[in-house]
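Coordinate inspection notes
Here are the chains, one letter per residue:
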Amino acid sequence: MPPKSDSVEGIVLGFVNEQNRPLNSQNVADALQKFNLKKTAVQKALDALADSGQISFKEYGKQKVYIARQDQFDIPNGEELEEMKKANAKLQEELADQKKAISEVESEVRGLQSNLTLAEIKSKETKLQSEVQEMEEKLDKLRSGVILVKPEDKKIIEDSFAEKVNQWKRRKRMFKELWDTITENSPKDQKEFKEELGLEYDEDVGVNLQSYTDMLASLNKRRKISR
């Protein structure tokens, strides 16, 4: 007589039949923790079910492995298996279509969530209008000929810029002369030697002396014209 479904043996039997694969007592006890079953109780139920012939078991040394009785399951023939394979393939296609549809909906939802709300649009509009007004006021000052930078301050900045560019040119030239002297008879590859010393050229850090030299030349040209 089969055990009651809510008894320890009934719960264990239901699990073994549902899994229909080799299990030891630890596997079953771990899976049935949600029923608050101790391993001792699970082991006792497995042994009782095996003794009554409701499940099968094999011994491997000191360990027992339990499995559901296979004679209780309907085993499909070749034709039924083929039909099941076709049904499974069809279900897989439907699943793929559903996943694709879900992905498209999720993408659309993310797009909608990234759009600004009406309140956010109004707030951004107000901020942009304020920025436009500030820029228009600055533009009006420039059009009216208002001097925003004092001539003496402008001269200090331009002189400082000219000095820095000239120093850059001098130091670049000094380094090149020194580097050429050091590496003239060196058997080492210059690129590898540079990396070994941890040296960086202007180009390595994304700057170009020529662009600043051109700016300085343009500045000197404007100064000559204004004299």
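Let me begin by describing the structure that accompanies this report. (Residues numbered from 1 in each chain as written. Predicted model: local features only at pLDDT ≥ 70, side-chain atom pairs only at ≥ 80, totals over all residues. Heavy atoms only, no water.)

1. Some words on the overall build of the chain
To keep it simple, the criterion reads: Secondary structure elements are taken from DSSP: a helix is a run of H or I of four residues or more, a strand is a run of E of two residues or more, and numbering for both begins at the N terminus. Only the C-alpha atoms count toward the radius of gyration. The rule for a globule is 2.2 Å times the residue count to the power 0.38. When a residue's accessible area, from a 1.4 Å probe over protein chains only, is under 20% of the maximum for its type it is buried; when over 50% it is exposed; and in between it is partly exposed. Contacts are residue-level and defined by heavy atoms, with any inter-residue pair within 4.5 Å sufficient.
Broken down by element type, the chain carries eight helices and two strands. Listing each helix as α and each strand as β along the chain from the N terminus yields α-α-α-β-β-α-α-α-α-α. Computed over C-alpha atoms, the radius of gyration of the chain comes to 42 Å, more than 25% over the 17 Å expected from 2.2 N^0.38 for 227 residues, which places it beyond the range of a compact globule. Dimensions of the chain, computed from C-alpha atoms along their principal axes, come out at roughly 115 × 65 × 45 Å. Each of the 227 residues in the chain was classed as buried or not, and the buried ones make up 15%. Put simply, 50% of the contacts in the chain that link residues at least 6 apart link residues at least 24 apart.

2. Quick word on the packing of helix α6 (residues 151–183) against helix α7 (residues 190–197)
Condition: Think of each axis as a best-fit line through the C-alpha atoms, taken over the contacting stretch in the case of a helix, with angles from 0 to 180 degrees between the N-to-C directions. Note on angle classes: values under 35 degrees are labelled roughly parallel, values over 145 roughly antiparallel, values of 65 to 115 roughly perpendicular, and the remainder oblique. For a crossing to be left-handed, the near helix must be turned anticlockwise from the far one by less than a right angle; the clockwise case is right-handed. Throughout this entry, Asp, Glu, Lys and Arg are counted as charged residues, while Ala, Val, Leu, Ile, Met, Phe, Trp, Tyr, Cys and Pro are counted as nonpolar. The remaining residues, Gly among them, count as polar.
Relative to each other, α6 and α7 sit at 115°, their axes nearing to 12 Å. Between α6 and α7, the angle falls in the class roughly perpendicular. α7 is crossed by α6, and the crossing has right-handed handedness. Counting all contacts with α6, which are made through Trp179, Ile182 and Thr183, the residues of α7 involved are Gln190, Phe193, Lys194 and Leu197. Across the contact of α6 with α7, the residue classes break down as four nonpolar, two polar and one charged.

3. Quick look at α7
Our working definition: Polar contacts, as counted here, are pairs of nitrogen or oxygen atoms within 3.5 Å of one another; within protein the pair requires one atom able to donate a hydrogen and one able to accept it, and residues that are adjacent in sequence qualify only if both atoms are side-chain atoms.
In this structure aspartate 189 caps α7, since a side-chain oxygen of it lies 3.1 Å from the backbone nitrogen of lysine 191. Positive backbone phi, approximately 75°, marks glycine 198, located one or two places after α7.

4. Observations regarding the packing of aromatic side chains
Convention followed: Centres within 6.5 Å are what make two rings of Phe, Tyr or Trp a pair, Trp counting through its six-membered ring; a difference in plane orientation under 30 degrees is then read as stacked, over 60 as edge-to-face, and the rest as tilted. Working rule: Lys NZ or Arg CZ, within 6 Å of ring centre, within 35 degrees of ring normal, means a charge sits over the ring.
Counted by the stated rule, this structure contains five aromatic pairs. Ring centres of phenylalanine 57 and tyrosine 66 lie 6.3 Å apart, and the angle between their planes is 40°; this geometry places the pair in the tilted category. Their ring planes at 25° and their centres at 5.5 Å tell us that tryptophan 179 and phenylalanine 193 sit as a pair that is stacked. Of the two residues, tryptophan 179 sits in helix α6 while phenylalanine 193 sits in helix α7, which places them 14 residues apart along the sequence. For tryptophan 179, a relative accessible area of 6% puts it in the buried group. Through successive ring pairs, a cluster of aromatic residues spans Phe175, Trp179, Phe193 and Tyr201. Here lysine 64 stacks its cationic end above the ring of phenylalanine 57, 5.2 Å away from the centre of that ring. The residue whose ring lies beneath lysine 194 is tyrosine 201, and the NZ or CZ to ring-centre distance is 4.6 Å.

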